[in-house]
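The primary structure of each chain is shown beneath.
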Amino acid sequence: AARAAPRRQARRAAAASDSNGAEEYDYDVITIGAGSGGVRASRMAAAAGARVAVCEMPYSTKASDTTGGVGGTCVIRGCVPKKLMMYGSEYAHAFKDCEGFGWTVPEAPTHDMRTLIFNKNKELDRLHGIYLKLLNGSGVELLEGRGRMVDAHTVEVDGKKMTAKTILVAVGGRAYVPDIPGKELVLTSDDALDLEELPESITIVGGGYIALEFACIFAGLGAKVDVVYRADLPLRGFDQEVREFLKEQLEVKGITIHAETSPTAVEKQDDGSMVLKTSTGDIATGAVMFATGRKPNTGDIGAAEVGLELAPNGAIKVDEYSRTNIDSIYAVGDVTDRINLTPVALMEGMAFVSTVIKGVPQVPDHSNVPAAVFTQPPVATVGMTEEAATAALGDVDIYTSSFRPMKHTLSGSSERAFMKLVVDAATDKVVGCHMVGEDSAEIMQGLAIAVKMGATKKQFDSTVGIHPSSAEEFVTMRTVSREVRKAETPAAEAVSA
C-alpha cells in the first residue's frame, strides 16, 4: 500500500490542477466487482494514468450476499479450482491405465478428499494474494464492501459515497437453482468445490459444461454419478456430432445419463440420503447437485434504481462498446451475458480501457472465440458448428475422424477421440474446428489462431504434422466425410458455451 499511495496522490493532484473546466470527481473510474474483467480493466486503466478504485466484498471460497473476493468466480470458485479438482480425479484413470504399460499398483489407491480441498484452498489463498498485489502495484484503490450505484456518477460502499467520471460494472454471475420443493437441500458448484467428504453417489442436474465437468470429477474420485438433463443430448449449442460423441464417452466412463428428464423435487431421507424426483421416476442418491446455469449478479448493485436497462434474466444490456443506456456506466463480463468466458471478460475489459481511458474506440471481437469443456475426455471448439455454418453459408464440406489414441492401444481403455473440420465450400476457409479427446484444449488454442486468420483447408493440408500426435489428424484429413448443401440445411445452432 505504501508504494501505491504516492502514485494515487500524484494522480489526484494532477486531476485537481486540470484547468479544462471539467467537473472534478473522486476517481476517473470506479469498478464494481474485482473478478477477471474488473481487475484487468482497473489495472490497465490505472496504468494508462487514470485514478481508479475497485469495490469487492470480503474473500470467501463461497459467494454470498456478503462475501466474494478479489479474483472473482474464475479464480476462487470457478475455472481454477475446478481444473485442480479435475487433475486430482484423473489419477484414478492413470492408476488403471498404467497396468498395460507394465506397472503394478500393489494396493488399491485410496483418496482423501480433505487433503485435496485443503491444498486447493491453499492455492486459492495464494492466487487471491497475487491479485491483491497486482491491484496495489498498479495504484488501484481497493474498497472492500458491496458497491451500489446511487446515480450515474456515484457509488456507495458500506455507507460511504464516492464519485467517478465513469462507472464500470463487472460483478459477474451467481449459480442459479430453479424454484422446486427441496431446493435448499441441493449443492451448487460453489458447494461442490468445498466438499470435505466425497458422497458415495451423486446426481447432477444440468446438461451444460459445469454439470458435465463435475460429473467427470466425481466419477473419477470414485462416486457413482447420475446426470439428469431435459434435452436429448448434453452441451446445447455445441456441434451435434460432438454432443453425440461426448455422451457416448461419458457412458463409457460409467456415468449414467438421464436424458429428456426434468427434476420436480428433492427429498431428504431419514438416513441422510437424497431422492431426486423427476419426470421419468425417482433417483436415490447420496447427494444432489444443480448445475442449471448462472444468472447475472445484478440484484443488489443499484442497477434498477439508477435506471440501467436490464434483460429479463437480469443481465445488463450494453452496446458494442460495452456502454449501457447511461453514458457514464459501462459493463463487462458475465454480467452482460454475452459470451460467459474469462478470456472474453478480459478482452472486454481491455477494450473498455482503450475506448474510455485512451480515447481509442475499440469494439470487443466476439467472433471465433475458442472454448473448452474439461470433461474426461475434454471438448474444445472454435468457430461455427456444422448446423450454424450450413444455415449461414449454405454449402459446407465436413471432415471427421474418430480413432483410438495411441496411448490407449496399450492401456486397454476404450476411450476414443473425435475431430471435425467445417469448411466453407465456396471459399475453402476452415470456419469451424471441433475435438473431443485428450489435450483438445491445448490443441485448439493453436487452431484458433488459424481460424481467426481465415486459413483455408488447402493451407491446413499443406502444413506438416507432428508425429506421432493426435493433433496431426487436423492436417491429414484429406477425404471429405460429407458435402452438406443448402437444400439439406438442418436447424441452425450456434456455440454459446
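Residues numbered from 1 in each chain as written. Predicted model: local features only at pLDDT ≥ 70, side-chain atom pairs only at ≥ 80, totals over all residues. Heavy atoms only, no water.

Could you give me a rundown of a negative patch on the surface, with the residues and numbers involved?
Together, D232, E244, E248 and E260 make up a negatively charged patch on the protein surface. When you line up the elements, E260 lands in the loop between β10 (256–258) and β11 (263–268). (Patch = residues over 30% accessible without salt bridge, like charges linked within 9 Å, V, L, I, M, F, W, Y side chains within 5 Å. Areas by Shrake-Rupley, 256 points an atom, 1.4 Å probe, with all protein chains shown as cover. Salt bridge = Lys/Arg side-chain N within 4 Å of Asp/Glu carboxyl O. Lys, Arg positive; Asp, Glu negative; His and termini not counted. Charge placed at Lys NZ, Arg CZ, Asp CG, Glu CD. Helix = DSSP H or I, 4+ residues; strand = E, 2+ residues; numbered from the N terminus.)

Let's hear about unusual backbone geometry: which residues, and what values?
Looking along the chain, the bond that leaves Q376 and enters P377 is cis, with omega of 5 degrees. Its location among the elements puts P377 in the loop between β17 (371–373) and β18 (379–383). The omega torsion of the bond from H467 to P468 falls at -5 degrees, within 30 degrees of zero and hence cis. Examined against the element boundaries, P468 turns out to sit in the loop between α14 (457–461) and β22 (482–484). Backbone geometry at D337 places phi at a positive 55 degrees, although glycine is not the residue there. Relative to the assigned elements, D337 resides in the loop between β16 (329–331) and α10 (342–357). For D337, a relative accessible area of 36% gives the class partly exposed. (Buried < 20%, exposed > 50% of the residue type's maximum accessible area, 1.4 Å probe, protein only.)

Account for the side chain of D194, with residues named and values stated.
Within the element layout of this structure, D194 appears in the loop between α6 (189–192) and β8 (201–205). Overall, the relative accessible area of 18% leaves D194 in the buried class. Among the polar contacts made by the side chain of D194, one reaches the side chain of N121 at a distance of 3.5 Å. When sequence neighbours within four positions are dropped, the list of residues in contact with D194 reads T61, K62, I117, K120 and N121. (Polar contact = N/O pair within 3.5 Å; in protein donor to acceptor, adjacent residues only side chain to side chain. Contact = heavy atoms within 4.5 Å.)

Help me get a handle on the packing of helix α4 (residues 79–97) against helix α7 (residues 209–221), residues and values and all.
Following both chains from N to C, one finds α4 and α7 inclined at 40 degrees, their axes separated by 7 Å at the closest point. Viewed along their axes, α4 and α7 adopt a mutual orientation that is oblique. Between α4 and α7 lies a crossing whose hand is left-handed. Along its contact with α4, which presents K82, M85, M86, G88, S89, A92 and H93, the element α7 presents E213, C216, I217, G220 and L221. Its residues placed into classes, the contact of α4 with α7 shows 6 nonpolar, 4 polar and 2 charged. (Axes fitted to C-alpha atoms, helices over the stretch in contact; angles between N-to-C directions. Parallel < 35°, antiparallel > 145°, perpendicular 65-115°, else oblique. Left-handed = near helix turned anticlockwise from the far one by under 90°. Nonpolar A, V, L, I, M, F, W, Y, C, P; charged D, E, K, R; others polar.)

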